[in-house]
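# Analysis of the macromolecular model
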Amino acid sequence: ATTLGASAAQTGRYFGTAVAANKLSDSTYVGILNREFTMVTAENEMKIDATEPNQNQFSYGNADRIVSHAKAQGMRVRGHTLAWHSQQPGWMQNMEGSALRSAMLNHVTQVATHYKGQLYAWDVVNEAFADGSSGARRDSNLQRSGNDWIEAAFRAARAADPAVKLCYNDYNTDDWSHAKTQAVYRMVQDFKSRGVPIDCVGLQSHFNPQSPVPSNYQTTLSSFAALGVDVQITELDIEGSGSAQAANYQRVVSACLAVARCNGITVWGIRDTDSWRASGTPLLFDGSGNKKAAYTSTLNAL
Ligand code: XIL
């Protein structure tokens, strides 16, 4: 096939991108989006600060624009994200304890209900584990509200939308030997053993020279999958250029295709100029929308 989405579909997978609502009027951007991709994630528009800017006042305009565009193009949507320590609105940043717990669960319930039946998956919880060698939870107001906040969020999401896939999403969870990866693995194992609803694990997979594609990446994907969850690469970008970058994209795609339950890949933006990385060229299209070598290696690996 001649597009990322159609090539991924040949093996039953999707190929997605992060989308920013304010770029849906950019014809170059939308042209590539509509041609190449079969899944979209709202880059910021479904985050807590965007959807509940004031407590109990919900705001879905930009998020709904992305969902409408995706639906009109026959693309599916990954919701991102219901509970996270970052991009909290000011009112939530100032909350703690049982009041925060109630507010968080209300947010999960309200937003998941708004999108009930419309999304492929939700990143229910994002980035809840600490970096480094501790394997501990990340300190945050949500974590301090009680260690069971993650499972409480998953249960609330399931109650609100029984059909959507419920995912845990994180970064620096690509290297199987990393303490953070092992800690997330044990949480998923625990959830599965106790019947806490969880359907998928997202690996953000933001790679750069300090954090390259690990040699055991496929082992990480297959190990999570063996717990009985789907695995998705949710925010892929790889710093670099030319043939070295192309080879790294090829390695990531090949690892996913080698694991039956790795059923989708999403890149975190379309053109290099759309990337959240202030400088650098981590994506598949250059600033003018031309296909890079990394695009070709990705397409050929699918
Ligand atoms: C980033 C967005 O791309 C930026 O526009 C925003 O300023 C900050 O957040 N992990 C995630 C994403 O889960 O939500 C982040 O997105 C990138 C890191």
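Since we're looking at a predicted model, the values are computed, not measured. Position numbers for residues count from 1 along each chain, tracking the sequence in the order it is written. Only residues with pLDDT of 70 or above have their local features reported here, since the model is predicted, and side-chain atom pairs are shown and tallied only from 80 upward, although totals for entire chains, interfaces and linings are computed over all residues. Here the side-chain values reflect all heavy atoms present in the structure, with hydrogen atoms and water set aside.

### Topic: the packing of aromatic side chains
Whether two aromatic rings pair depends on their centres lying within 6.5 Å, for rings of Phe, Tyr and Trp, where Trp uses its six-membered ring; planes under 30 degrees apart make the pair stacked, over 60 edge-to-face, and the rest tilted. In the structure shown here, the tally under the stated rule is 12 aromatic pairs. Ring geometry for Tyr60 against Tyr115: centres 5.7 Å apart, planes inclined by 90 degrees, an arrangement best described as edge-to-face. Placement of the pair is Tyr60 in the loop between helix 3 (48-51) and helix 4 (61-72) and Tyr115 in the loop between helix 6 (97-114) and strand 4 (121-126), with a sequence separation of 55 residues. Tyr115 carries the same exposure label as Tyr60, and that label is buried. Each ring, one from Phe285 and one from Tyr295, has its centre 5.3 Å from the other, and the planes form 55 degrees; the classification is tilted. Here the residue Phe285 occupies a position in the loop between strand 9 (262-267) and helix 12 (293-301), and Tyr295 occupies one in helix 12, the gap between them amounting to 10 residues. Going along the chain from the N terminus, every DSSP run of H or I of four or more residues is numbered as a helix, and every run of E of two or more is numbered as a strand. For each residue, the accessible area found with a 1.4 Å probe, counting protein chains only, is set against the maximum for its type, and the residue is called buried under 20%, exposed over 50%, and partly exposed in between.

### Quick look at the side chain of Glu151
Within the fold, Glu151 resides in helix 8 (residues 149-160). Looking at Glu151, the relative accessible area reads 16%, which means it is buried. Any N or O atom pair separated by 3.5 Å or less is treated as a polar contact, with the protein-specific requirement of one donor-capable and one acceptor-capable atom, and with residues adjacent in sequence counted only for side-chain atom pairs. For Glu151, the side chain forms a polar contact with the side chain of Arg194, separated by 2.9 Å. Contact definition: two residues touch when any of their heavy atoms are within 4.5 Å. Setting aside its immediate chain neighbours within four residues, Glu151 contacts Phe191, Arg194 and Val196.

### Observations concerning the UniProt feature "active site" (unreviewed entry) in the chain
UniProt positions are given in the numbering used here, feature names are shortened, and annotations may be inferred rather than shown by experiment. Mapped onto this numbering, the UniProt entry gives "active site" (unreviewed entry) at Glu235. In this fold, Glu235 is placed in strand 8 (residues 230-238). Dropping the residues within four chain positions of it, Glu235 is found in contact with His80, Asn169, Leu203, Gln204, Ser205, His206, Thr266 and Trp268.

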